[in-house]
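# Examination of the molecular architecture
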Amino acid sequence: MNVELRGITKRFGSFTAVNNVNLQIRAGEVLGLLGENGAGKSTLMNVLCGLYAATEGQILIDGNPVSFAGPGEAIRAGIGMVHQHFMLIPVFTVAENVVLGVEPTGPLDHLDLVQARAQVREINDAYGLEVDPDALIETLPVGVQQRVEIIKVLFRSADLVIFDEPTAVLTPQEVVEFFAIVRSLRDSGKAIVFITHKLGEIREISDHIAVLRRGEIVGHADHPDAISEADLAELMVGRPVSFDVKRNPNPPGEPLLEVADLTVLNNNDDVAVDDISLMVRSGEIVGIAGVQGNGQSALVEALTGLTRVAGGTVSFKGKDITRASARERHRMGFAHIPEDRQRTGLIPAFSIAENMVLDSYYDDRFSTGPTMRWDVVNKAAAHAVVDFDVRTTSVFDAVSTLSGGNQQKVIVAREMFRDTEFLIASQPTRGLDVGSIEYIHSRIAQARDEGDGVLIVSSELDEILALSDRILVMFKGRIVAEFDGATADKATIGLAMAGRYEGAAA
Amino acid sequence: MSGNKRQTDGMYESLLRRAAPDRTAWEDLVVVPIFAVVVALLLGAVAMLATNVDLATVGRSYVALVSGSVGSFNAISETLTSAIPLTLAGLGIALGFRAGMFNIGAEGQLLIGGMAAVITGFSLPGLPMIVHVPLVLLVGALAGGLYAAIAGWLRAATGAHEVISTIMLNLIAYRLVDYLLRLDFIQREGRSDPISKSVLESAELPRLLTWLDPNLRLHAGVFLMIGAVIFIHWLLFKTRLGFEFRASGENPEAARYAGMRAGLVIVLAMGLAGALAGLAGANQVSGVLGRASPGFSAGIGFDAIAVALLGRSHPWGVLLAGLLFGALEAGGRQMQVDAGVSIDLIGIIQALIIVFIAAPLLVRALFPWGFSKARPSAKE
Amino acid sequence: MFSFRKTLAPTFLAAALIAGSDASAFTACQVTDTGGIDDNSFNQTAWQGVLDAQESLGVEGRFLESQAETDYVANINSLVNGDCDIIITVGFLLGDATKEAAAANPDQAFSIVDYAYDPVIPNILGQVYATDEAAFLAGYVAAGVTKTGVLGTFGGINIPPVTIFMDGFYRGAMYYNAQNGTEVTVLGWNPETREGLFTNNFNSLDDGRAFAQNLYDEGADIVMPVAGPVGLGSASLANELGADKLMLVGVDADLYLTDPNNSHVYLTSVTKRMDATVSEVIARAMNGSFEGGVLVGTLDNGGVDLAPFHDMAERVPAELSTKLAAVRAGIIDGSINVGE
């Protein structure tokens, strides 16, 4: 199926989200659609899959103009979308989720699950998806859940499959597997649209690339090799972007955080962190690489005082802080950028100002006796907003109204807009656009240059490599390898992340 | 350089400017409740017509509803008298909502607080009023607070959900009151039915308007109500504790990550909520009833949930909702007197108002001309 | 409070309309207790008195239902502010509230059903009933009819207007034993210790069913529930079991008539003619002979009575009917003392 978008414009009131976009989507090819958050990618695709009606322009399928009154019509026309946020029912099985809404029924109008299972297996085999039709969704890892979404689309006989930021939720291994699936879909003749803001991925998977900025197509590449990552980034952001974080000119200082034989249990009393020892010096960034779910979260919670440790000690500047609470550590100069900004980092319904003091409101600067000094808080928040480049009109705006990048900057501002000594940053740039990533990386490097010890936990290997002076790899709760940040090699670290590194562990 | 500074100053200033509440928010807060009340009254009229009440009587009953709630000194006095316990208990529930707790137990807390207050009220003769009344109120609040803190503690220590535990505590409170009312030192002399001794005159909240008419029941509890509204507003929005409550309520995980002690917040929030319900109970025995008997809570603790929801868990909203419910109660009585319409109808109208306020989209759909055109979100 | 002006305006208009309507007629107003106006018992019977007076004397009647105890004072107050010539409160539980209102409004005539004040309050006429006289007859006839030799009773709450029924019922059965050498027992009430079975409410039909079931399980085949509408729950149980297994003795009104769905389960009813005393009070207030004090309903003046057996007549042997008539005469002439 070949689809052509001709002069598509979508306005919301006076706001033009998509402006005169022309695109060719061809069977058997992957079109990479690159753009920052807010560039109009999702709006454009929602027009294509019938959620929005275009204000102007035409959609042609195999040369014939079509118009969709709703998503149902687009699906019947063979256009399927895999959304960034999955739409699955956790307590249903894979087969049940797949057939939901288009259930095959027997002669007595009963649900024919036998047939449903068989059809799921068929699709499974055709594209090598390897999903058990009888597994419950809630028991499946995110990567497999995404494949269920793909099966759903294929089950509805889609010839054009749109992926909206599909890799945002995946681990590096899962990304590799996902790309294999995309290729097998393409090779079977499907047309694919791949929406992302990740430069590396778009060049790896796409046959064509289109770059969207502020609702307009600002650049095309007929072949991914025809354009460099730097050029793509510049097209997307609208200015030259630097990915290199400057290395620390100074040698690291005294040991700041020392962890000895740390063991942490998770909620089910399973060992999450297994006898880890590590050390972070002042003026040094230590990166912890690893596939998500190998104990990083438990390690971070233990280091920040949010969870009890089962064994071992944590000391800070020579003082044992194993039993110190999160607040005590915060007072000692700990800063913590949590891994999930929506769930643990921010209170989305609160104002920017309130979020800015979420962990320092009790401080004498911000309160006298029982009462808050909101005037002081608001002024401090305004300064932090300016200093950390949070794009907003007022500090009283709810954080939920900000883009992901600006939300993350609020957290970074809150944690670093004071004298800190030690920063723990967990997935500090997950899901952010290039501009925000660049900015946050520079602030982290700046903290290091000012003498802070920094511990970065990330499943984005590129991020670890870009920032770290030293790299530790975590696998199954243990630290299995240590590398020098300047000389580390991506492939070797990748092996270690998969638990297959034979070198000397730290 | 200085020009540069002036520019950044301007930037701070604009950042510190509050955006005017946008039209949608204003409509949700003001227009929707008004329309909800109107629709509920209309549907109430339909319900009356459906039960063979003639149109003239329907008209008469709504006139009575207004005159019985705000049409005379007595009406206003009755409206306020009914509004006081609803607002106090409603504030407690709103506080719980803010802190992420769904407290169904105001009824039980009110009973326990009222019982403690009644005992204090009759057993300490010789105290001057200026000591005795505050003591009665304090003991009532304390008892209600401690009773509610049980549920809070169960939640914090064991994870037992407060909805279940407060419902159970309500049942315990009912029976506990039945039992207490039969104890010799509480039961009124010469009575074999469960009724407490009367509180001493020194423990009664003074009536405010008896100089106008001895039947006006409005008592000093009205100051308690206004004071409580101001206090809870201050607590929620101006204090560290209130910040912790609101943060824990909005996003408990983020609050924990920010170093707030979740268990303490839960116990304190439940305790305070219970104290307000207990205060409502003390207010009833000291200002209205003068004694305790089975079921003196009269469902106030449950109506208070509706008051808190209607007031959007905002202290001033709770006050307005409490006044509205008080007015419906007082006016409903007049409806019965003047038009002979069943008091049950008032219950129906109250329920309808809540349904419509809880469903602003429904109200918007019913009255499209009353609202600005919905703007589709421009977000991606 | 932006709407203040808007809401007051129609109020004045309304007040003018109401004042202009009918201020001349004599108005009798009634406040029920939490049982409600349609409780098939107590409140309903008293309201019947107002309706009768409406019919015979041409008065206007109004009522106000109480939903909770907190309503009593408020309800009386809202009537005080209306134009009621007499306010009749129904039930012992309104005793305090009525007294308080009477003190605050000395010019308003009040009457209360089931309560009397000592000392007398000049503007309240209490209506009380020697129900034990009629209940004595019920106990007597039930003891003669029972097959199992076990009778049962239970009350709403342990207050005099309730327990007086149970006293009479118990003593009537005991009197039957003494006269006829039988050993009928009565479960659910002990007049010496003043303890017995109580539902502690006047509105749970479920309780009525459960209490009757318990008594039935203990062998009782005739039960007298003294708890207003709670008894309707017992009646539905008796209806399911059949009158051969469980019969009821109604109270307050003749439940054969007021509970037609279950009429076949009532052996008889101990009627408390509140309708009679209420119309009498209204008549007195109209002709100016109203004064504070006590109006007592007895077997003699018809204020209390035993209802006819209706369909159950065949279960009551002629011999028993004769004896019953003698007992009745004895109570009226004072030769039988129902109080011991």
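Rules used in this analysis
- Residues numbered from 1 in each chain as written.
- Chains lettered and ligands numbered in written order.
- Predicted model: local features only at pLDDT ≥ 70, side-chain atom pairs only at ≥ 80, totals over all residues.
- Heavy atoms only, no water.
- Contact = heavy atoms within 4.5 Å.
- Buried area = accessible area lost by both parts, 1.4 Å probe.
- Salt bridge = Lys/Arg side-chain N within 4 Å of Asp/Glu carboxyl O.
- Polar contact = N/O pair within 3.5 Å; in protein donor to acceptor, adjacent residues only side chain to side chain.
- Helix = DSSP H or I, 4+ residues; strand = E, 2+ residues; numbered from the N terminus.
- Nonpolar A, V, L, I, M, F, W, Y, C, P; charged D, E, K, R; others polar.
- Domains from an automatic or database assignment.
- Pairing = 2+ DSSP bridges.
- Axes fitted to C-alpha atoms, helices over the stretch in contact; angles between N-to-C directions.
- Disulfide = S-S within 2.5 Å.
- Buried < 20%, exposed > 50% of the residue type's maximum accessible area, 1.4 Å probe, protein only.
- Expected span 1.5 Å × (residues − 1).
- Phe/Tyr/Trp six-rings, centres within 6.5 Å; stacked < 30°, edge-to-face > 60°.
- Lys NZ or Arg CZ within 6 Å of the ring centre and 35° of its normal.
- pLDDT = per-residue confidence, 0-100.

## Focus on the interface of chain A and chain B
With 47 residues of chain A in contact, the opposing surface of chain B contributes 30 residues. Interface of chain A and chain B: buried area, both sides summed, is about 3,400 Å²; carbon and sulfur atoms make up 61% of it. It is Leu306(A), Tyr361(A) and Phe396(A) in chain A that bury the most area against chain B; as a group they hold 15% of the surface buried on that side. Here chain A is connected to chain B by three salt bridges. Measuring nitrogen to oxygen at the nearest pair gives 3.6 Å for the salt bridge that ties Arg343(A) to Glu253(B). At the junction of chain A and chain B, the tally comes to 15 residue pairs in polar contact (both at pLDDT 80 or more). Looking at the side of chain A that touches chain B, the elements that each hand over two or more residues are α1 (41-48), α10 (326-332), α11 (341-345), β18 (371-372) and α13 (374-387) of chain A. Among the elements that take part in the side of chain A that touches chain B, α13(A) stands out by supplying seven residues, more than any other. When grouped by side-chain class, the residues that make up the side of chain A that touches chain B number 24 nonpolar, 16 polar and seven charged.

## Remarks on the domain arrangement of chain C
Residues and elements named next belong to chain C. In terms of domains, chain C is made up of domain 1 (24-130 + 275-297) and domain 2 (132-271 + 304-333). Relative placement of domain 1 and domain 2: their C-alpha centres are 28 Å apart. Contact with domain 1, which involves 11 residues of that partner, is made by 18 residues of domain 2. Taken together, both faces of the contact between domain 1 and domain 2 bury some 1,200 Å²; the carbon and sulfur share is 62%. For the side of domain 1 that touches domain 2, the residue count by class is five nonpolar, four polar and two charged.

## Structural notes on the interface of chain C and chain B
The accessible area lost on association of the parts is a frequent measure of interface size. On the chain B side, the residues contacting the 35 residues of chain C number 37 residues. Interface area for chain C against chain B, summed over the two sides, is near 3,000 Å², with a carbon-plus-sulfur share of 52%. Among the ionic pairs, Arg207(B) bridges to Glu100(C), the shortest N-O distance being 3.9 Å. Our count for the contact surface shared by chain C and chain B stands at five residue pairs in polar contact (both at pLDDT 80 or more). Going through the elements one at a time, α1 (4-21), β2 (60-64), α3 (71-80) and α4 (95-104) of chain C are the ones with two or more residues in the side of chain C that touches chain B. With eight residues, α3(C) is the largest single contributor of residues to the side of chain C that touches chain B. Across the side of chain C that touches chain B, the residue classes break down as 18 nonpolar, 11 polar and six charged.

## A closer look at the sheet that holds strand β6 (residues 79-82) of chain A
All names here are of chain A. As summarised here, the arrangement of the six strands in space is β6-β7-β8-β3-β9-β10, forming an open sheet in which the pairing is mixed. Edge positions in the sheet fall to β6 and β10 (216-221), since each of these pairs with one other strand and no more. Within this sheet the neighbouring strands show an average axis-to-axis angle of 20 degrees, counted without direction. Bridge count for strand β9 (residues 208-213) against β10 is five bridges, and the pairing is antiparallel.

## Quick word on the sheet that holds strand β7 (residues 185-187) of chain C
Residues and elements named next belong to chain C. Overall, mixed pairing links the six strands, which are arranged β7-β6-β10-β11-β12-β14 in an open sheet. Edge positions in the sheet fall to β7 and β14 (304-306), since each of these pairs with one other strand and no more. Ignoring which end each strand starts from, the neighbouring axes of this sheet average 20 degrees apart. Looking at chain direction, strand β10 (residues 222-226) and strand β11 (residues 247-252) are connected through two bridges and run parallel. Across the sheet, residue Ile 222 finds its bridge partner in β11, namely Met 247. Along the sheet, helix α6 (residues 160-180) contacts β6 (150-155), β7, β10, β11 and β12 (266-272); its crossing angle with β6, the most-contacted strand, is approximately 170 degrees.

## What to know about the arrangement of the chains
The highest contact count of any of the two pairs of chains in contact belongs to chains A and B. The least C-alpha distance between chain A and chain C, which are not in contact, is 28 Å.

## Comments concerning the state of the cysteines
Covalent bonding between the sulfur atoms of two cysteines is what defines a disulfide. All names here are of chain C. In this structure the tally under the stated criterion is one disulfide over all chains. Two residues share a disulfide in this structure: Cys 29 and Cys 84, whose sulfurs sit 2.0 Å from each other. Negative torsions about the S-S bond denote left-handed disulfides, and the value of about -90 degrees found for Cys 29 with Cys 84 makes this one left-handed. Taken together, the residues span a long stretch of sequence, with Cys 29 in strand β1 (residues 27-31) and Cys 84 in the loop between α3 and β3 (86-90) at a distance of 55 residues. Like Cys 29, the residue Cys 84 is buried in the burial classification.

## Some points on unusual backbone geometry
Note: most residues except glycine have negative phi, and most peptide bonds are trans. Residue Pro119(C) is reached from Asp118(C) by a cis peptide bond, and omega for that bond is 0 degrees. With respect to the secondary-structure elements, Pro119(C) resides in the loop between β4 (109-113) and β5 (124-129). Phi is positive for Asp389(A), which is not a glycine, with a value near 60 degrees. For Asp389(A), a relative accessible area of 29% translates into the label partly exposed. Its identity is not glycine, yet His310(C) carries a phi of approximately 50 degrees, on the positive side. Along the chain, His310(C) falls in the loop between β14 and α11 (318-333).

## What to know about helix α8 (residues 230-241) of chain C
Residues and elements named next belong to chain C. With 12 residues, α8 extends 18 Å between its outermost C-alpha atoms, agreeing within 8% with the 16 Å of an ideal straight helix rising 1.5 Å per residue. Residues Val 230, Gly 231, Gly 233, Ser 234, Ala 235, Leu 237 and Ala 238 constitute the buried set of α8. Its buried side turned inward, α8 meets β6, α7 (205-217), β10, β11 and β12. Once α8 finishes, Gly 242 follows within two positions and takes phi at roughly 100 degrees, a positive value.

## Quick notes on the packing of aromatic side chains
Considering all chains together, one arrives at 23 aromatic pairs over all chains under this definition. Note on Phe12(A) and Tyr52(A): the rings are 5.3 Å apart at their centroids and 80 degrees apart in plane angle, and the pair reads as edge-to-face. Here Phe12(A) is found in strand β1 (residues 3-12), whereas its partner Tyr52(A) is found in the loop between α1 and β4 (56-61), with 40 residues between them in sequence. Judged by its relative accessible area of 8%, Phe12(A) falls in the buried class. Three or more aromatic residues joined by ring pairs form one cluster here, namely Phe350(A), Tyr361(A), Tyr362(A), Trp374(A) and Phe243(B). When the ring centre of Phe388(A) is taken as origin, the NZ or CZ atom of Arg443(A), which lies over that ring, is 3.7 Å away.

## Concerning the confidence of the model for chain C
Residue and element names in this part refer to chain C. On average, residues of chain C carry a pLDDT of 87, and 93% of them reach 70 or more. Contacts for the low-pLDDT stretch residues 1-24, under 50 throughout, to residues beyond four places or in other chains number 11 contacts. This prediction of the complex comes with two scores: 0.79 for pTM and 0.84 for ipTM.

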